[in-house]
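# Working through the structure, step by step
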Amino acid sequence: MAIKRVEVDRRDCQLYRNYLKRGGFISASYLSVSGLDAVRLKKLAVQGKLDAVRCAIGKSVRWYYSEKQAELAHLRGEA
């Protein structure tokens, strides 16, 4: 999957965020607080090694990563 690009408006933002959580994706800000490097995660997604969703909400852009893949990348020392 690599990177999926999605545009939602503010009304649908919360619904889509919940949809991503149920699908096993977690926000980059949460992963960053947990000790993972968001810049490295983005590089892995661009390389196709990690599934990610780029969610544009108006002018704001938020990244969501596959939680399992991000944890495995962290354990391997890639993130």
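An account of the accompanying structure is given in this report. Within every chain, residues take consecutive numbers counted from 1 along the sequence as written. In keeping with the predicted nature of the model, local features appear solely for residues at pLDDT of at least 70, side-chain atom pairs appear and are counted solely at 80 or more, and the whole-chain, interface and lining totals rest on all residues. With hydrogens and water set aside, each side-chain value is computed from the structure's full complement of heavy atoms.

## Focus on the pattern of salt bridges
Once their charged atoms are close, side chains differing in charge can pair, the charge on each being opposite to the other. Each salt bridge in this description consists of a side-chain nitrogen of Lys or Arg and a carboxyl oxygen of Asp or Glu lying within 4 Å of one another. A full pass over the atoms with the stated rule returns 3 salt bridges. The residue D9 makes a salt bridge to R11 at a minimum N-O spacing of 2.7 Å. Each residue gets one of three labels from its accessible area relative to the maximum for its type: buried under 20%, exposed over 50%, partly exposed in between, using a 1.4 Å probe on protein chains only. A relative accessible area of 29% places D9 in the partly exposed class. The exposure class of R11 is exposed, given its relative accessible area of 70%.

## Quick notes on the packing of aromatic side chains
Ring geometry is summarised as follows: Phe, Tyr and Trp rings, the Trp one being its six-membered ring, pair when their centres sit within 6.5 Å, and such pairs are stacked at plane angles under 30 degrees, edge-to-face over 60 and tilted between the two. The tally for this structure, following the rule as stated, stands at 2 aromatic pairs. On the numbers, 5.6 Å between centres and 35° between planes, the contact of Y16 with Y19 is tilted. Taken as a pair, Y16 and Y19 lie in helix α1 (residues 10–22) at a separation of 3 residues, close to a single helical turn. Under the relative-accessibility criterion, Y16 is labelled buried at 16%. When its relative accessible area of 48% is taken as the criterion, Y19 is described as partly exposed. With 6.2 Å between their ring centres and 10° between their planes, W63 and Y65 make a pair best called stacked. With respect to class, W63 is no different from Y65; both count as buried. In this description a helix means any DSSP run of H or I spanning at least four residues, a strand means any run of E spanning at least two, and both kinds are numbered starting from the N terminus.

These figures capture arrangement, not role.
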